[in-house]
Amino acid sequence: MNHIDTKIEYLQSLGINFNLSEGREWLLSNLEQYHDIEDKDYPIWLILREFGNTFIVSSSHKAFSNNTSTIIFEDFFLYNKLSRILSELQRISNGAISYKVIHEFEPVYNTDHSRSSESIWGEHKRTSPIKCTYEICGQIMAFDYNFLDGQPTILNSEFVDQLCSKLDVEFLDNNINYLYEESITFFRTSQENQETLYSIPTLHLNKNLVRKYRKTNHQTTLPITDVLHYSHNESKSVWSKVDNTRIATPTEIRKLQEYKKGKTTEFILVVMLCLAIGALIIWLSHFEMLNNSIGKLVLYPILILLAAAIVFVYIQLKLKAIKADLQEKHIKRLKGVVLEIFRYDGKTIIEMNKECDVKKLIIDRNIRDVQEGNEITFEVFKASKVFSKLIDVNSLGFRTK
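Everything numeric here is computed off the predicted structure, so don't read it as measured data. (Residues numbered from 1 in each chain as written. Predicted model: local features only at pLDDT ≥ 70, side-chain atom pairs only at ≥ 80, totals over all residues. Heavy atoms only, no water.)

Digging into the packing of aromatic side chains
Quick reminder of the rule: Classification of ring pairs uses Phe, Tyr and Trp, with its six-membered ring standing for Trp, and accepts pairs whose centres are within 6.5 Å; under 30 degrees between planes counts as stacked, over 60 as edge-to-face, and the remaining range as tilted. Only DSSP runs of H or I reaching four residues or more are called helices, and only runs of E reaching two or more are called strands; each is numbered from the N terminus. Only protein chains enter the accessibility calculation, which uses a 1.4 Å probe; a residue is then buried when its area is under 20% of its type maximum, exposed when over 50%, and partly exposed in between. Working rule: Lys NZ or Arg CZ, within 6 Å of ring centre, within 35 degrees of ring normal, means a charge sits over the ring.
A complete count under the given rule lists 23 aromatic pairs for this structure. Look at Phe 143 and Phe 159: their rings are 5.2 Å apart centre to centre, the planes differ by 70°, and that puts the pair in the edge-to-face class. Of this pair, Phe 143 sits in strand 4 (residues 139–145) while Phe 159 sits in helix 5 (residues 157–166), and the two are 16 residues apart along the sequence. Both residues of the pair, Phe 143 and Phe 159, count as buried. Where Tyr 145 meets Phe 147, the ring centres are 5.2 Å apart and the plane angle is 80°; that geometry is what we call edge-to-face. Members of the aromatic cluster, each reached through a chain of ring pairs, are Phe 76, Phe 77, Phe 105, Trp 121, Tyr 134, Phe 143, Tyr 145, Phe 147 and Phe 159. When the ring centre of Tyr 34 is taken as origin, the NZ or CZ atom of Arg 49, which lies over that ring, is 4.6 Å away. When the ring centre of Phe 143 is taken as reference, the NZ or CZ atom of Lys 166 above it lies at 4.6 Å.

Here we look at unusual backbone geometry
The phi dihedral of Asp 75 falls on the positive side, at around 55°, and the residue is not glycine. For Asp 75, the position within the fold is in the loop between strand 1 (68–72) and helix 4 (83–92). Of note, Asn 94 is a non-glycine position whose phi angle comes to about 55°, a positive value. The exposure class assigned to Asn 94 is exposed, which follows from its relative accessible area of 65%.

Concerning the packing of helix 1 (residues 3–13) against helix 3 (residues 44–51)
Condition: Note on definitions: angles span 0 to 180 degrees between N-to-C directions of axes, and those axes are lines fitted to C-alpha atoms, for helices only across the stretch in contact. Put simply, a crossing is left-handed when the front helix is turned counterclockwise from the back one by less than a right angle, and right-handed when it is turned clockwise. The contact criterion used is simple: two residues touch if any of their non-hydrogen atoms lie within 4.5 Å. Each residue is assigned to one class: nonpolar for Ala, Val, Leu, Ile, Met, Phe, Trp, Tyr, Cys and Pro, charged for Asp, Glu, Lys and Arg, and polar for all the others, Gly among them.
Packing of helix 1 against helix 3 brings their axes to within 10 Å, and their N-to-C directions diverge by 65°. Taken as a pair, helix 1 and helix 3 cross one another with a handedness that is right-handed. Between helix 1 and helix 3, the contacting residues are Ile 4, Lys 7, Ile 8, Tyr 10, Leu 11 and Gln 12 on the first element and Ile 44, Ile 47, Leu 48 and Phe 51 on the second. Its residues placed into classes, the contact of helix 1 with helix 3 shows eight nonpolar, one polar and one charged.

Some thoughts on the confidence of the model for the protein
Here is the rule we go by: Confidence of the predictor in every single residue is expressed as pLDDT, which spans 0 to 100.
For the protein, per-residue confidence averages 78 on the pLDDT scale, and residues scoring 70 or more make up 78% of the total. Across the protein, element-level confidence peaks in strand 2 (residues 99–103) with a mean pLDDT of 95 and bottoms out in helix 9 (residues 237–240) with 33. In the model, residues 216–243 has pLDDT below 50 throughout and makes 62 contacts with residues more than four positions away in sequence or in other chains. Considering only residues more than four positions removed or in separate chains, one finds that residues 388–401, a stretch of pLDDT under 50, has 70 contacts.

Structural notes on the nonpolar core
The tendency in soluble globular proteins is for nonpolar side chains to be buried side by side. Put simply, the rule is: What is meant by a nonpolar core is a set of buried Ala, Val, Leu, Ile, Met, Phe, Trp, Tyr and Cys residues, joined one to another through side-chain atoms within 4.5 Å.
Counting residues in hydrophobic clusters, the biggest one holds 36 residues, and the most contacted among them are Phe 105, Leu 155, Phe 171 and Phe 186. Of all elements in the fold, only helix 4, strand 3 (130–136), strand 4, helix 5, helix 6 (168–173), strand 5 (176–180) and strand 6 (183–188) reach the threshold of two or more residues within this core. When residues no more than four places from it in sequence are discounted, the contact partners of Phe 171 are Leu 89, Ile 97, Cys 164, Ile 176, Tyr 178, Phe 186 and Leu 209. One finds Ile 4, Phe 18, Phe 64 and Leu 203 within the second-largest nonpolar core, a separate group that totals 25 residues.

Quick word on the sheet that holds strand 5
So the rule is basically this: Any two strands between which DSSP finds at least two bridges are classified as paired.
Ordered by their spatial adjacency, three strands build an open sheet running 1-6-5, and the pairing between neighbours is antiparallel. Pairing within the sheet leaves two strands with one partner each, and these edge strands are strand 1 and strand 5. Between one strand and the next, the sheet's axes are offset by a mean angle of 15°, whatever the strand orientation. In terms of strand pairing, strand 1 meets strand 6 through five bridges, oriented antiparallel. Across the sheet, the residue bridging to Ile 71 is Ile 184, located in strand 6.

Okay, structure coming up:
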């Protein structure tokens, strides 16, 4: 038996179902497209993802796995509605996660490959989100779907984040976990098997969906958009029993990587500008008007100031701290008391008390539910604790007392 077969059987032993009698050849040919299947270190997360891959093949391949489903984000809307995700969750949960569509938009193409009549695909700009509403497990849930700029057919990962957060309890009750990259793979297996899978270093599962690592069975981590509407009288016991640290999700890591890339570009531009100014001044120093003691007296302080400016910008951009976060990947939950709140130009700035590790939260929208004196809980990367203004990366659990 070769290495790839051993890993496939290992996943099957942990309750990840795949019908090898029908799908083995298709599976191996698909796995070979991504990595050398003779490699003894073939990524096990990639095998798990392809177990549930029904996106690029016909729907008949759903028979290959009855408890695993992979949703590919790229070009999702060419033939799929958002309810495709709910349909797959219903399938792998044996109907335990049920849904009804109240309102959603159509994909680009119909099932017969003809062009859809949905008006949104004829628009070049969408300044406002489209509201999609579903009844999921007996509850009405509404989502504002925002298309990605310039990439309207790609499934927005923020929508997937929001959906998974709202179904947190349902996932836990039905032993569903997921693997998250440029796609999301949902799978259903026992909690014992999930603990084993979670122990694999390269397999980044949702820790909060494994009971061993979760102190309360129905503790949920809510996104900021929902949690601020919680009642101020809600019991504090839920938050007092939450784990203080967790591993960042692949989506959070990706967002931090994008942030680092942007900040690195800023730093390079500043360095180039300072070097250009320095070169210009040195060039001017060769002129007679500056080639004297006064000119040199002016030249050297300016060059020192330019060097200091580069160092200052480097410190302000927190590039070293971002690198530390990307290496450690731990996220820490913090609490603090709100001292002052400032609102201007669509932003909310929250000054925290001196005992809090983070002194300031900068949120790119108006937050009305927080008042001075409230105790709030939020999350930041543990290594640096400086990215509180990156609300999409850090503030996944932000509520008032």
